[in-house]
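Descriptive structure summary
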Amino acid sequence: MNRARILASSAIFHGLNDGATVAVPMIFPILLNQGFILKNYSQMGIMSHLGLLTTFIFQIIIVQLSPFARYQHFLAASFLGISSTLFLFSQARSWLSFLLIYLLFRLFDSFYHTLGLSLVSKAHQTQGMDLAMGIQSGSGNFGILIAFLTAGSLAQQFSWKTPLYFWSAFCFFSGLASYLLVRSLELPQEKLEALTLTSWKETFKAVLAYLPGLIFAGGGWGLVIYYAPSLFHHRFSVSMGQTGVILAVWIGLGTLITYFFGGLCRFFSRQRLALVGLAGSFFSLAMMGLAPAVWLAQISLYLFGLFLFLIFPALQASLGSQIPRENQSQAFSLASNLQMISGALFSLLFGFISDLFSIQAPFLIMAFFALLALNAQKAFFRKSQQKI
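Described in the following lines is the structure provided in the data block.

So, on to the overall build of the chain. When its secondary structure is counted, the chain shows 16 helices and zero strands. Within the chain, residue pairs in contact and separated by at least 24 positions form 86% of the contacts whose partners lie at least 6 positions apart.

In this structure the tally under the stated criterion is 24 aromatic pairs. Note on F28 and F98: the rings are 6.3 Å apart at their centroids and 65 degrees apart in plane angle, and the pair reads as edge-to-face. Of this pair, F28 sits in helix α2 (residues 28–34) while F98 sits in helix α5 (residues 95–108); the two residues are 70 residues apart in sequence, bridging distant segments of the chain. Accessibility expressed as a relative area gives 1% for F28, which makes it buried. The interplanar angle of 75 degrees and the centroid separation of 4.9 Å between the aromatic rings of F346 and F369 together place this pair among those described as edge-to-face. Residue F346 is found in helix α15 (residues 328–356), and its partner F369 is found in helix α16 (residues 361–387); the two are separated by 23 residues along the sequence. Judged by its relative accessible area of 10%, F346 falls in the buried class. Pairwise contacts between aromatic rings join F28, F89, F98, Y102 and F105 into one cluster.

Right, let's talk about a nonpolar patch on the surface for a bit. Together, L80, F172, F173, L176 and L180 give the surface a local cluster of nonpolar side chains, amounting to about 440 Å² of exposed area. At four residues, the largest contribution of residues to the nonpolar patch is made by helix α8 (residues 162–182).

A separate point is helix α13 (residues 270–290). Taking 1.5 Å as the rise per residue, α13 with 21 residues should run 30 Å; its terminal C-alpha atoms sit 31 Å apart, in good agreement. If you check which residues of α13 are buried, you get Q271, L273, A274, G277, L278, G280, S281, S284, L285, A286, M288 and G289.

Before going further, it helps to examine the side chain of T243. With respect to the helices, strands and loops of the structure, T243 is situated in helix α11 (residues 240–259). Look past the residues within four positions of T243 in its chain and what remains in contact with it is P229, F232, H233 and V238.

Let's shift gears to empty space enclosed by the protein. Across all of its chains, the model carries three cavities of 30 Å³ or more by this definition. Each pocket or cavity is described by its volume, and for the largest cavity that value is around 370 Å³. Lining the largest cavity we find 25 residues, and of these D18, H113, W221, Q339 and M340 sit closest to its centre. Going through the elements one at a time, α1 (3–23), α7 (129–157), α10 (211–235), α14 (294–322) and α15 are the ones with two or more residues in the lining of the largest cavity. By residue number, the principal contributor to the lining of the largest cavity is α10, which donates six residues. Considering only residue class, the lining of the largest cavity consists of nine nonpolar, 13 polar and three charged.

By size, the foremost hydrophobic cluster in this structure holds 119 residues, and its most contacted members are F28, L86, F98, F148, F216 and W250. With near-sequence residues (within four places) excluded, W250 lies in contact with F148, W221, V224, I225, L301, Y302, F304, G305, L308 and F309.

Looking now at α5. Between its terminal C-alpha atoms α5 stretches 20 Å, which fits the 20 Å expected from 14 residues at 1.5 Å a residue. Along α5, the residues that are buried comprise F98, L99, I101, Y102, F105 and R106. For α5, the buried positions fall inside an angular range of 165 degrees around the axis, keeping them on one side. Seen from the buried face of α5, the exposed residues on the opposite side, beyond 90 degrees, are L96 and L100.

Here the focus is the side chain of H233. Its place among the elements puts H233 in helix α10. Residue class for H233 comes out buried when judged on its relative accessible area of 17%. Among the polar contacts made by the side chain of H233, one reaches the side chain of N33 at a distance of 2.7 Å. When sequence neighbours within four positions are dropped, the list of residues in contact with H233 reads P29, N33, V238, S239, M240 and T243.

Bringing the packing of α1 against α8 into the picture now. It is the contact of α1 with α8, at a shortest axis distance of 8 Å, that shows an interaxial angle of 160 degrees. On the basis of their axis angle, the class for α1 and α8 is roughly antiparallel. The interaxial crossing formed by α1 with α8 has left-handed handedness. For the pair α1 and α8, the contacting residues are R5, I6, A8, S9, I12, F13, L16, G19, A20 and A23 in the first and W167, C171, S174, G175, S178, L180, L181 and V182 in the second. A breakdown of the residues in the contact of α1 with α8 according to their chemical character gives twelve nonpolar, five polar and one charged.

Along the polypeptide, L306 turns up in helix α14. Expressed as a C-alpha distance, the spacing of L306 and L253, which sit 53 residues apart in the sequence, is 5.9 Å. For L306, the residues in contact, after removing those within four places along its chain, are L253 and I257.

Our next topic: the pattern of salt bridges. Taken as a whole and assessed by the stated rule, the structure comprises one salt bridge. Residue D109 pairs with R106 through a salt bridge whose shortest N-O separation is 3.3 Å. The buried category is assigned to R106, whose relative accessible area is 4%.

Here is what the cut-offs are and how they apply
- Residues numbered from 1 in each chain as written.
- Predicted model: local features only at pLDDT ≥ 70, side-chain atom pairs only at ≥ 80, totals over all residues.
- Heavy atoms only, no water.
- Helix = DSSP H or I, 4+ residues; strand = E, 2+ residues; numbered from the N terminus.
- Contact = heavy atoms within 4.5 Å.
- Phe/Tyr/Trp six-rings, centres within 6.5 Å; stacked < 30°, edge-to-face > 60°.
- Buried < 20%, exposed > 50% of the residue type's maximum accessible area, 1.4 Å probe, protein only.
- Patch = residues over 30% accessible without salt bridge, like charges linked within 9 Å, V, L, I, M, F, W, Y side chains within 5 Å.
- Areas by Shrake-Rupley, 256 points an atom, 1.4 Å probe, with all protein chains shown as cover.
- Salt bridge = Lys/Arg side-chain N within 4 Å of Asp/Glu carboxyl O.
- Expected span 1.5 Å × (residues − 1).
- 1 Å grid on protein atoms, 1.4 Å probe; cavity = no way out; pocket = protein on both sides within 12 Å on 5 of 7 lines; lining within 4 Å.
- Points joined across faces, edges and corners; volume = space filled by probe spheres on them.
- Nonpolar A, V, L, I, M, F, W, Y, C, P; charged D, E, K, R; others polar.
- Core = buried A, V, L, I, M, F, W, Y, C linked by side-chain atoms within 4.5 Å.
- Arc of directions from axis to C-beta.
- Polar contact = N/O pair within 3.5 Å; in protein donor to acceptor, adjacent residues only side chain to side chain.
- Axes fitted to C-alpha atoms, helices over the stretch in contact; angles between N-to-C directions.
- Parallel < 35°, antiparallel > 145°, perpendicular 65-115°, else oblique.
- Left-handed = near helix turned anticlockwise from the far one by under 90°.

Right under this line is the structure:
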């Protein structure tokens, strides 16, 4: 295997995949303002919930189908589907039609975090695991940074459809580049006999040690993607263009910390970095929910970016180094699905909470969950070490 080409392809794939998933929610505040398609936060919460559940279901299905086709075929299906559905959004005329397209979009978004992550892990099993996981994670964040910078400003300058046209074209051409990088490579395929019910159970037991961190990471991610744009735009009256810049700085700081992750692991253990991420997330989310002014909300968001994105590569690298090679697609599918299901539940809950109380309330609730996750994750780590 050519490690450099695999990592480059995965980095591009991760960037377009995660960037696209952020570009769509960035137009939600504008649709809410216009009363077109979206009428309230509850509808936004229902849509995000069902979309994440769709990804959750299809990540399991895709892993089970992985022995029957080459990785390159899945990659092509994913980027072509993402590009097509982004264009279809612009043709929606009602909440129901937008929802149906969104579910199809989330289906095609179900490939990278299982098969892509697994491929990077397998290619770097013997060396460079921390560096590779940091790079691919940072590249996903870089795609999100581009989405924040472009989606809000394009929607504000032109119309809510413009960022969808831009991202449809961007995903097509970057996806094609990702595909061409690995098209000729002989990549390892999953073995059908490795994907049994017994192996799923055994893999889940191994993933269980990271359960609190995975649940919080999924919920924290969904909180920012779906509700932070409305916090700044509706509570603090920040324009969508400027809101995009604020969120781009957030993801930029997150990207920076992931690229330094490999170096940080030389001085601190992955487990310690995950715990620091949870503790810092509690502090920064509490400040964000209580912030009386936009400048304090910004600083809190930026701190949250630094801490949240310590958690992702720390847990991913730990999984990649401990799970047997033949079960890694299952492990990353389970890890991603735990994040998805928690993100789906929190996103649904926070939509109703925002309507009942305020847009700040979800951030305070998530701060409380960060504290719970910190204490639970400590206990899980201690338990797993005692078994060893």
